[in-house]
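Observations on the model geometry
Spelled out, the chains give:
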Amino acid sequence: MDTPRNRKPMGTLKTPAPMLRALAEQLGHPSGLRGRMVGRMLNRRNRGIIRAAVNALEAAPGSRLADVGFGGGVGIELLLERVGPDGHVDGVDRSETMLDAAHRRFRDALTAGRLSLFQASMEYLPLADASLDGVITLNTFYFLPDLGRAAAEFARVLRPGGRLVVGVFDPAAMQRMPVVEYGFRVRPTEEITAALESAGLVQTRHLRVGRGPDAYHLLLASPALPPAAA
């Protein structure tokens, strides 16, 4: 019987490992009913940082932009607003559940030809070379087995003068989250920057969203300019 004498203080309660593992799996690859619930949760919690990433693109109306690993779809919504009726958005995600939800939510944009959706991984983007003015990818690099391969793909699909915005939570803050023990790869921002530079993407800015040492990171990079002709 649970009495005041034997009841544990709330601060000592811990989330069971199976629940943390299940949550980690859904964050990395949402599926089924739980995946749809996770997608809605991410939409609510991450709208502010996604908006900041879209704003950081500084894209003009009529641009062609992409959200890679779009999850709940807020990024697609905001990118469609940014490009306007004459632009185009590509959405890429490996989760069939998130693809199905996006097909329902953005039916009008798909019918109008303003949006294309693809089920694929970041390491093999189904997009043409030099086809994009800008790309956002938020909270995806934790689940990448091959960071260099993904960086090379982003470099391939960006046009000269295009911009990539990578969003990640602060690594030190993430290390304090119990869920990261189950399949997350917590990478320092310096490691991400080095991988992008090796692929030919030069970091142009490093923005923080929020206050304090745990503020969110936005890493902006663009294709390196070719050497001037001799």
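The notes below deal with the structure included here. Remember, predicted model here, so these are calculated numbers, not experimental data.

In terms of regular secondary structure, the protein is built from eight helices and seven strands. Contacts spanning at least 24 positions in sequence make up 72% of the contacts within the protein whose residues lie at least 6 apart. Working note: accessible area of the protein is about 12200 Å², and carbon and sulfur atoms make up 54% of it.

So, about the pattern of salt bridges. Opposite charge on two side chains permits pairing when their charged atoms draw close. Taken as a whole and judged by the stated rule, the model has ten salt bridges. For R163, the salt bridge goes to E58, with nearest N and O atoms at 3.4 Å. Taken together, the residues span a long stretch of sequence, with R163 in strand β5 (residues 158-168) and E58 in the loop between α2 (32-57) and β1 (64-68) at a distance of 105 residues. The exposure class of E58 is exposed, given its relative accessible area of 53%. A network of salt bridges, in which partner residues are shared, links R47, E77 and R105.

Within the element layout of this structure, A195 appears in helix α8 (residues 189-198). For A195, a relative accessible area of 13% corresponds to the buried category. Remark: the alpha-carbon pair of A195 and A152, spanning 43 residues in sequence, is separated by 8.6 Å.

Judged from the eight bridges that link them, strand β6 (residues 201-209) and strand β7 (residues 216-223) form a sheet pairing that is antiparallel. Of the residues in β7, the one forming a bridge with H206 is L219. Taken together, β6 and the strand that follows it, β7, pair antiparallel across an intervening segment of six residues, in which G210 is found at a positive phi of about 110°.

Below, the discussion takes up the packing of aromatic side chains. Think of a pair of aromatic rings as described by two things: how far the centres are apart, and how the planes are tilted against each other in angle. With the rule as written, the count across this model stands at three aromatic pairs. Ring centres of F141 and F154 lie 6.3 Å apart, and the angle between their planes is 25°; this geometry places the pair in the stacked category. With F141 in the loop between β4 (132-138) and α6 (147-157) and F154 in helix α6, the pair connects residues that are 13 residues apart, well separated along the chain. Seen from their ring centres, Y142 and F143 are 5.9 Å apart, and the 75° between their planes marks the pair as edge-to-face. For F143, a relative accessible area of 17% translates into the label buried.

In spatial order, the strands read β3-β2-β1-β4-β5-β7-β6; together these seven strands make up an open sheet with mixed pairing. At either end of the open sheet lies a strand with only one pairing partner, and these are β3 (115-119) and β6. On average, each strand axis in the sheet is tilted by 15° relative to the strand beside it, whichever way the strands run. With five bridges joining them, β1 and strand β2 (residues 88-93) adopt parallel strand pairing. Considered in β2, the bridge of R64 is made with H88. Sitting on the sheet, helix α4 (residues 96-105) is in contact with β2 and β3, with an inclination near 160° to β3.

Moving on, we come to the nonpolar core. Judged by nonpolar contacts, the single largest core of 33 residues is most densely connected at V135, F141, F154, L164, V166, L196 and L201. Mapped by element, the contributors of at least two residues to this core are β1, β4, α6, β5, α8 and β7. Of all the elements, α6 adds the most residues to this core, at six residues. Look past the residues within four positions of L201 in its chain and what remains in contact with it is A151, F154, A155, L158, L164, L196, A221, S222 and P223.

Thresholds, definitions, all that
- Residues numbered from 1 in each chain as written.
- Predicted model: local features only at pLDDT ≥ 70, side-chain atom pairs only at ≥ 80, totals over all residues.
- Heavy atoms only, no water.
- Helix = DSSP H or I, 4+ residues; strand = E, 2+ residues; numbered from the N terminus.
- Contact = heavy atoms within 4.5 Å.
- Areas by Shrake-Rupley, 256 points an atom, 1.4 Å probe, with all protein chains shown as cover.
- Salt bridge = Lys/Arg side-chain N within 4 Å of Asp/Glu carboxyl O.
- Buried < 20%, exposed > 50% of the residue type's maximum accessible area, 1.4 Å probe, protein only.
- Pairing = 2+ DSSP bridges.
- Phe/Tyr/Trp six-rings, centres within 6.5 Å; stacked < 30°, edge-to-face > 60°.
- Axes fitted to C-alpha atoms, helices over the stretch in contact; angles between N-to-C directions.
- Core = buried A, V, L, I, M, F, W, Y, C linked by side-chain atoms within 4.5 Å.

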